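Fold and contact review
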Amino acid sequence: MGCVLEKVDTILNELIEDIFKAGRQAYGQRRIKEDLVQRYGLIVSKRRIGKIMRSLNLVPKMKRRFRVYTTDSKHNLPIAPNLLN
């Protein structure tokens, strides 16, 4: 019985790793879970996917937050004089 579970675990590990690499290493637990259901019809908990990802050292790349910079006060350009005071 243990042999069957080991086969399922190795197949699941391979599927998770393939989906992770196909998603340019940006997929986390939720996206991998959705992909497993859509592609293979497998229902696996996010917690289990997370444990497998940790055991395989799969860490998703985090996207940098977009930030709007409207003022550049660290410049060496001349500053206009205050005529109105």
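Below is a summary of the structure that appears in this document. (Residues numbered from 1 in each chain as written. Predicted model: local features only at pLDDT ≥ 70, side-chain atom pairs only at ≥ 80, totals over all residues. Heavy atoms only, no water.)

This part covers the side chain of Asp 35. Mapped onto the fold, Asp 35 is located in helix α2 (residues 29–40). You can call Asp 35 buried: its relative accessible area is 11%. Sequence-distant contacts of Asp 35, defined by excluding residues within four places in its chain, comprise Ile 19, Tyr 27 and Tyr 40. (Helix = DSSP H or I, 4+ residues; strand = E, 2+ residues; numbered from the N terminus. Buried < 20%, exposed > 50% of the residue type's maximum accessible area, 1.4 Å probe, protein only. Contact = heavy atoms within 4.5 Å.)

Glancing now at the pattern of salt bridges. For side chains bearing opposite charge, pairing can occur when the charged atoms are close. Summed over all chains, the structure comprises 3 salt bridges. Here Glu 17 ties to Lys 21 by a salt bridge, and the two come within 3.5 Å at their closest N and O atoms. Here Glu 17 and its partner Lys 21 are both found in helix α1 (residues 2–22), 4 residues apart, which amounts to about one turn of the helix. Among the ionic pairs, Asp 35 bridges to Arg 39, the shortest N-O distance being 3.4 Å. One end of the pair, Asp 35, and the other, Arg 39, are both in helix α2, 4 residues apart, so they sit about a helical turn from each other. Accessibility expressed as a relative area gives 48% for Arg 39, which makes it partly exposed. (Salt bridge = Lys/Arg side-chain N within 4 Å of Asp/Glu carboxyl O.)

Listed in full, the 12 residues of the largest apolar core are Leu 12, Leu 15, Ile 16, Ile 19, Phe 20, Ile 32, Leu 36, Val 44, Ile 49, Ile 52, Met 53 and Leu 58. Taken together, the elements giving at least two residues each to this core come down to α1, α2 and α3 (46–55). The element contributing the most residues to this core is α1, with 5 residues. Contacts of Val 44, omitting those with residues within four sequence positions, involve Leu 12, Lys 33, Leu 36 and Ile 49. (Core = buried A, V, L, I, M, F, W, Y, C linked by side-chain atoms within 4.5 Å.)

With that out of the way, let us pick up α2. The terminal C-alpha atoms of α2, which comprises 12 residues, lie 16 Å apart, in line with the 16 Å expected from a rise of 1.5 Å per residue. When α2 is considered as a whole, its buried residues turn out to be Ile 32, Asp 35 and Leu 36. Projection of α2 onto a plane perpendicular to its axis shows the buried side chains occupying an angular sector of 105°, all on one side. In α2, the exposed residues that point more than 90 degrees away from the buried face are Arg 30, Glu 34 and Gln 38. Directly after α2, the chain includes Gly 41, whose backbone phi takes a positive value near 75°. (Expected span 1.5 Å × (residues − 1). Arc of directions from axis to C-beta.)

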